Protein chains: 2
Amino acid sequence: MALIPKSHPRFQSLLIREKLVKGFDDGLVAKEGLLAHGRGEAFDYILGEKTLKTAKKAIKAAAASILLAKNPVISVNGNVAALCPNEIVRLSKVSKAKIEVNLFYANEKRKEKIVKILKKNGAKEIFGVLKKNATRLIGIDSSRRIVDKNGIFASDLVIVPLEDGDRTLALRKAKKQVITFDLNPLSRTAQTANISIIDNVVRGIVELITECNRLSTKKSSELEKIINNFDNKKNLTHNVIEIKSNLSRRAKNA
Amino acid sequence: MALIPKSHPRFQSLLIREKLVKGFDDGLVAKEGLLAHGRGEAFDYILGEKTLKTAKKAIKAAAASILLAKNPVISVNGNVAALCPNEIVRLSKVSKAKIEVNLFYANEKRKEKIVKILKKNGAKEIFGVLKKNATRLIGIDSSRRIVDKNGIFASDLVIVPLEDGDRTLALRKAKKQVITFDLNPLSRTAQTANISIIDNVVRGIVELITECNRLSTKKSSELEKIINNFDNKKNLTHNVIEIKSNLSRRAKNA
């Protein structure tokens, strides 16, 4: 794509898009990933392309949950690897979470490229790679059902940025806590996860790293309090209210 | 993509997506077109994936304007050609509008494929193809500035489904009436066009054909009355109100 002038009102969004398109050209992102990113752009536009109050609340609760988890895992797909590989690795370090590659459209070559970019960004061990460790989650039709027996299968909490509804439900049924980044507060993923961060993953993951760092010195009882004070359904409803007022502001008289 | 069960709550949307992805595989659609379609899907989802009252009003005014125009032209890009080639040709017949191919990302091979699919669907003459007829519109940076001197350049009204803001503005500055299909009521295109149909082009174009047929027997004075009774800015504001109440309905308590 062409050079984007800094003065463009949606400069950041276009920069992120360029990263994604580069990821597609490099073989990290599937063509369905381009479509999904477009959907994300539109929802982010409607949010006002910023991290809203409800997202900050969800991020705080998510950080507390991750720090309390025994065996947290971050699930990575092509879009996430293209958009924020460095942040994924940083989040895994600060939260002691494993990283697992899990793709909707399975493709060994694409998986290799995703692993490579994560390692380039400092990841030591990556799950979801060895065939001998592959096992299945019940209730998913896509290739996302295949998980690592030492990764997602054994986990108690899974961080799933940019997720599909079926898998979120399957993970919940498998008694795992699910934390998701999703830009649509009405999506099945957002409605099904334990904690739904309605934010662009590129922005939200940086905040999540900061919160994990900040909360890492707190006692378990304090972290539990944060979690108990968070109501995901209520937060999603408030998010829709934020979106509506953003639309009103922009449409002036609406 | 896989077989979509008819029971899927977003069956129609997924069918449309399949058409677009096929268009990409066939070389009609650019990768940026996949992203753009994703954005459209999200905005359509927020509309409730149906033709709203405000869209119907805009379609009626659009039909009247097209029938009154001396030299209307339909501008076609890759996404439109992939999604509704047959409807484009039917609209051109019922409204006596020319068809011109005009691409944001110029590519002769892609243009040829677009021409081919339009001809396969019954188009006789297609503008924007002969190099000797190419001329420029002022105020556009992309290759969309190149237009046909016998097509868009000579027109008094241009129908631009799935448009970019820059070109809409340039067409207005060139004293052309602009009718657009856009799913984002706040976009520059929607805000700049004379008549903005906030609807999925796949649905809206069928309604537009019907309206052109229905109004084709009316007197000019009646058509003028329809146009004079239509206020695009007001209609867009009402559209945002429709979107907000759709969001409230879906979020229940928001």
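Residues numbered from 1 in each chain as written. Chains lettered and ligands numbered in written order. Predicted model: local features only at pLDDT ≥ 70, side-chain atom pairs only at ≥ 80, totals over all residues. Heavy atoms only, no water.

## Section: the overall build of chain A
Defined as follows: Helix and strand labels come from DSSP, where a helix needs a run of H or I of at least four residues and a strand needs a run of E of at least two; each type is numbered from the N terminus. This radius of gyration counts C-alpha atoms alone. The globule rule is 2.2 Å times how many residues there are, raised to the power 0.38. Only protein chains enter the accessibility calculation, which uses a 1.4 Å probe. A residue is then buried if its area is under 20% of the maximum for its type, exposed if over 50%, and partly exposed in between. Between two residues, a contact is recorded if the distance between any of their heavy atoms is within 4.5 Å. The sign given to each residue is positive for Lys and Arg and negative for Asp and Glu; His and the chain ends receive no count. The location of each charge is read from NZ of Lys, CZ of Arg, CG of Asp or CD of Glu.
Within chain A one finds 11 helices and 7 strands. Taken over the C-alpha trace, chain A has a radius of gyration of 18 Å; the compact-globule value for 254 residues is 18 Å, and the two agree within 12%. Considered along the principal axes of its C-alpha atoms, chain A spans approximately 60 × 50 × 35 Å. Sorting the 254 residues of chain A into buried and exposed places 57% on the buried side. Long-range contacts, defined here as pairs at least 24 residues apart, represent 65% of the contacts in chain A between residues at least 6 apart. Across chain A, the 48 positively charged side chains and the 26 negatively charged ones have centroids separated by 2 Å.

## A look at the sheet that holds strand β1 (residues 72-76) of chain A
All names here are of chain A. Cut-off, in case you're wondering: Strands pair, by our definition, only if DSSP identifies at least two bridges between them. Axis definition: a line fit to C-alpha positions, over the contact stretch in the case of helices; interaxial angles, taken between N-to-C directions, run 0 to 180 degrees.
The strand order across the open sheet formed by 5 strands is β2-β1-β5-β6-β7, and the pairing between neighbours is parallel. The open sheet has two edge strands with one neighbour each: β2 (98-101) and β7 (195-197). Across the sheet, the axes of successive neighbouring strands diverge by a mean angle of 20°, strand direction being ignored. Here 3 bridges tie strand β6 (residues 177-181) to β7, and the two strands are oriented parallel to one another. Of the residues in β7, the one forming a bridge with F181 is I197.

## A look at the packing of helix α1 (residues 11-25) of chain B against helix α2 (residues 31-47) of chain B
Residues and elements named next belong to chain B. Put simply, the rule is: Every angle not falling under 35 degrees, over 145, or within 65 to 115 is termed oblique; those three ranges are roughly parallel, roughly antiparallel and roughly perpendicular.
As a packed pair, α1 and α2 sit with axes 10 Å apart at the nearest point and diverge in direction by 170°. In this view, α1 runs roughly antiparallel relative to α2, as classed from their interaxial angle. Across the interface between the two elements, S13, I16, R17, L20, V21 and F24 of α1 pack against K31, G33, L34, H37 and E41 of α2.

## A look at the relation of the copies chain B and chain A
Note the cut-off: Copies are brought into register by a least-squares superposition over C-alpha atoms of residues with pLDDT of at least 70 in both.
Note on the copies: chain B fits chain A at an RMSD of 0.0 Å, the axial shift is 0.0 Å, and the rotation between them is 180°. A rotation of that kind, with that shift, is consistent with a two-fold axis. Interface residue correspondence from chain B to chain A reaches 100%, placing this contact among same-surface, isologous pairings.

## Structural notes on the interface of chain B and chain A
Applicable threshold: We define buried area as the total accessible area lost by two parts upon association, computed with a 1.4 Å probe and summed across both. Salt bridge, as used here, is a side-chain nitrogen of Lys or Arg placed within 4 Å of a carboxyl oxygen of Asp or Glu. Contacts described as polar in this section are N or O atom pairs within 3.5 Å, which, within protein, must combine one atom able to donate a hydrogen with one able to accept it, while residues neighboring in sequence count only if both atoms come from side chains. Residues are grouped as follows: nonpolar covers Ala, Val, Leu, Ile, Met, Phe, Trp, Tyr, Cys and Pro; charged covers Asp, Glu, Lys and Arg; every other residue, Gly included, is treated as polar.
In this assembly, 31 residues from chain B lie in contact with 32 residues from chain A. Carbon and sulfur atoms make up 75% of the area that chain B and chain A hide from each other, which totals about 2900 Å². Linking chain B with chain A are 4 salt bridges. We note a salt bridge from K31(A) to D25(B), for which the minimum N-O separation is 2.7 Å. For the pair chain B and chain A, the interface holds 10 residue pairs in polar contact (both at pLDDT 80 or more). If you list the elements that add at least two residues to the side of chain B that touches chain A, you get α1, α2 and α11 (232-251) of chain B. For the side of chain B that touches chain A, the leading source of residues is α2(B), giving 12 residues. When grouped by side-chain class, the residues that make up the side of chain B that touches chain A number 16 nonpolar, 7 polar and 8 charged.

## Some details on the confidence of the model for chain A
The predicted coordinates of low-pLDDT regions are not to be read in fine detail. Where we set the bar: Residue-level confidence of the predictor is what pLDDT reports, using numbers from 0 through 100.
Chain-level statistics for chain A give a pLDDT mean of 92 and a share of 98% at 70 or above. This prediction of the complex comes with two scores: 0.92 for pTM and 0.90 for ipTM.

## Here's the deal with the sheet that holds strand β6 (residues 177-181) of chain B
Residues and elements named next belong to chain B. Spatial strand order, β2-β1-β5-β6-β7: 5 strands in an open sheet with parallel pairing. Sheet topology places β2 (98-101) and β7 (195-197) at the edges, where each strand pairs with a single neighbour. Here the strands of the sheet are splayed against their neighbours by 20° on average, with no regard to which way each runs. Sheet strands touched by helix α6 (residues 108-120): β1 (72-76) and β2. Its angle to β2, the strand with the most contacts, is close to 155°.

## Focus on the environment of A55(B)
All names here are of chain B. Looking at the element boundaries, A55 is found in helix α3 (residues 53-68). Put simply, A55 and E41 are 14 residues apart on the chain and 17 Å apart in space, counted from C-alpha to C-alpha. Ignoring any residue separated from it by four or fewer positions in sequence, one finds A55 in contact with I197, I198 and D199.

## A short note on the side chain of N232(B)
In this structure, N232(B) sits in helix α11. At 3.2 Å, the side chain of N232(B) and the backbone oxygen of A193(B) are in polar contact.

## Remarks on the pairing of strand β5 (residues 157-161) of chain A
All names here are of chain A. For β5, the tally of buried residues reaches 5 of 5 residues, placing the bulk of the element in the interior. Side chains L157, I159 and P161 project from β5 onto one buried face, and the interleaved V158 and V160 project onto a second face that is buried too. Examined bridge by bridge, β1 and β5 share 3 bridges and lie parallel to one another. Within the sheet, the bridge partner assigned to I74 lies in β5 and is I159. The sheet contact formed by β5 and β6 spans 5 bridges and is parallel. Bridged to V160 within β6 is T180.

## Some points on helix α7 (residues 165-173) of chain B
Residue and element names in this part refer to chain B. Restricting attention to buried positions, one finds in α7 the residues G165, R167, T168, A170 and L171. Buried residues along α7 sit against β1, β5 (157-161), β6 and α8 (188-192). Within two residues after α7, K175 carries a phi angle of roughly 65°, on the positive side.

## Details of the pattern of salt bridges
Under the definition given, this model contains 14 salt bridges over all chains. Across the pair R39(B) and E41(A) runs a salt bridge, and its minimum N-O distance is 2.7 Å. Of the two residues, R39(B) sits in helix α2 while E41(A) sits in helix α2 (residues 31-47), which places them in two different chains. Relative accessible area serves as the criterion here: at 21%, R39(B) is assigned to the partly exposed category. The residue R214(B) makes a salt bridge to E211(B) at a minimum N-O spacing of 3.0 Å. Of this pair, R214(B) and E211(B) both sit in helix α9 (residues 201-215), separated by 3 residues, roughly a single helical turn. In this structure R214(B) comes out as partly exposed when scored by relative accessible area, which is 42%. A network of salt bridges, in which partner residues are shared, links R17(A), E41(A) and R39(B).

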